[in-house]
Amino acid sequence: MADGKAKPAKAANRTPPKSPADPAKDKAAKRLSQDSEGANEGAAAAPELSALEEAFRRFAVHGDTRATGREMHGKNWSKLCRDCHVIDGKSVTVTDVDIVFSKIKGKSCRTITFEQFQEALEELATKRFKDKSKEEAVHQVYRLIEGRSPVISGVTKAVSSPTVSRLTDTAKFTGSHKERFDPSGKGKGKAGRVDLVDESGYVPGYKHAGTYDQKVQGAK
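In this text the structure is predicted, and so the values were computed from the model without any measurement.

Some thoughts on the pattern of salt bridges
Okay, so step 1: In the structure shown here, the tally under the stated rule is four salt bridges.
Okay, so step 2: Arg 128 is the partner of Asp 88 in a salt bridge, and the nearest nitrogen-oxygen pair spans 3.8 Å. Residue Asp 88 is located in the loop between α3 (74-83) and α4 (94-104), and its partner Arg 128 is located in helix α5 (residues 114-128); the two are separated by 40 residues in the primary sequence.
Okay, so step 3: Residue Asp 88 is classed as partly exposed on the basis of its relative accessible area, which comes to 31%.
Okay, so step 4: When its relative accessible area of 19% is taken as the criterion, Arg 128 is described as buried.
Okay, so step 5: Among the salt bridges present, the one from Lys 103 reaches Glu 123, with a minimum N-O distance of 3.3 Å. Here Lys 103 is found in helix α4, whereas its partner Glu 123 is found in helix α5, with 20 residues between them in sequence.
Okay, so step 6: On the accessibility criterion, Glu 123 (31% relative accessible area) is partly exposed.

With respect to the packing of α4 against α5
Okay, so step 1: Two numbers describe how α4 lies on α5: the axes approach to 10 Å, and their chain directions differ by 140 degrees. Put simply, α4 runs oblique to α5. Handedness of the α4/α5 crossing: right-handed. Where α4 approaches α5, its residues Asp 96, Val 97, Val 100, Lys 103 and Ile 104 are matched on the opposing element by Gln 116, Glu 119, Ala 120, Glu 123, Leu 124 and Lys 127.

A look at the packing of α3 against α4
Okay, so step 1: Close contact between α3 and α4 brings their axes to 10 Å; oriented N to C, the two are set at 135 degrees. Viewed along their axes, α3 and α4 adopt a mutual orientation that is oblique. As α3 runs across α4, the sense of the crossing is right-handed. Between α3 and α4, the contacting residues are Gly 74, Trp 77, Ser 78 and Cys 81 on the first element and Val 97, Asp 98 and Phe 101 on the second.
Okay, so step 2: Taken together, the residues that form the contact of α3 with α4 break down as four nonpolar, two polar and one charged.

Details of the packing of aromatic side chains
Okay, so step 1: As enumerated under the stated definition, the model contains five aromatic pairs in all.
Okay, so step 2: An angle of 65 degrees between the planes, with centres 5.5 Å apart, marks the rings of Phe 56 and Phe 114 as edge-to-face. Residue Phe 56 is located in helix α2 (residues 51-60), and its partner Phe 114 is located in helix α5; the two are separated by 58 residues in the primary sequence.
Okay, so step 3: Look at Phe 56 and you get buried, because its relative accessible area is 1%.
Okay, so step 4: Residue Phe 114 is classed as buried on the basis of its relative accessible area of 11%.
Okay, so step 5: Measuring from centroid to centroid gives 5.9 Å for Trp 77 and Phe 117, while their planes differ by 90 degrees, and the two rings are edge-to-face. Placement of the pair is Trp 77 in helix α3 and Phe 117 in helix α5, with a sequence separation of 40 residues.
Okay, so step 6: With relative accessibility at 0%, the residue Trp 77 sits in the buried group.
Okay, so step 7: Taken together through their ring pairs, the aromatic side chains of Phe 56, Trp 77, Phe 101, Phe 114 and Phe 117 make up a single cluster.

Reading guide: rules and limits
Along each chain, residue indices are assigned from 1 in the same order as the chain's sequence is written. For a predicted model such as this one, the threshold for reporting local features is a pLDDT of at least 70, and the threshold for listing and counting side-chain atom pairs is 80 or more; totals across whole chains, interfaces and linings nevertheless cover every residue. Processing note: side-chain calculations cover all non-hydrogen atoms of the structure and skip hydrogens and water entirely. Salt-bridge detection follows one rule: a side-chain nitrogen of Lys or Arg within 4 Å of a carboxyl oxygen of Asp or Glu. Going along the chain from the N terminus, every DSSP run of H or I of four or more residues is numbered as a helix, and every run of E of two or more is numbered as a strand. Exposure is judged per residue with a 1.4 Å probe applied to protein chains only, and the accessible area is read against the type maximum: over 50% gives exposed, under 20% gives buried, and values in between give partly exposed. Every angle, taken between N-to-C directions, lies between 0 and 180 degrees, and every axis is a line fitted to C-alpha atoms, over only the stretch in contact when it is a helix. Comment on the angle field: the value is read as roughly parallel under 35 degrees, roughly antiparallel over 145, roughly perpendicular from 65 to 115, and oblique elsewhere. Each crossing gets its handedness from the near helix: less than a right angle anticlockwise from the far helix is left-handed, clockwise is right-handed. Contact definition: two residues touch when any of their heavy atoms are within 4.5 Å. We call Asp, Glu, Lys and Arg charged. Ala, Val, Leu, Ile, Met, Phe, Trp, Tyr, Cys and Pro are nonpolar, and the rest, Gly among them, are polar. Note on ring pairs: Phe, Tyr and Trp rings are taken, using the six-membered ring of Trp, and paired if centres are within 6.5 Å. Classes follow the plane angle, with under 30 degrees stacked, over 60 edge-to-face and the rest tilted.

Below, the structure written as structure tokens:
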């Protein structure tokens, strides 16, 4: 005997079928994901720069827009030693600094790395602080440099010269040059370079110039 109750029909699956994946896009997405994860891990693992290395990098890039801060040339090495008072003129001189730089750098190199920079400081430390042990001397030299930045020199002032002053004193000008300036030394502009025609109707030098109109109006 057939069952009088009808069985409910199964709901139709309305989920649209997935389009076939593009293997090339999947590989690219996977590679980007791996690269980003690697970059994040590298950034997290990167050690913080010490105060000494930060100072090294600031001096390394000084005056050189192409410098990366990872290497320092001799000019900036000398500036660092001067600005940080490693050079005292007695125990350590400019010559000592140049000799140490030439000794530490490679034969065919013109720059030193941070590691070589530390070696150079160790060489100078024993000369700069002769009354201290090597470790203490190195520590003192590091303290001179840590947190420092290159000193920016001010604008060079022009030196006054008697010759220049004499050549620029308008009161001593003669001839046509004198006509280009008024008694106060201010330039007359075009009037000092071109002979302008006086169309006022008065004789040049007439002390009552410009009073004719006033006299005519007064007479009326």
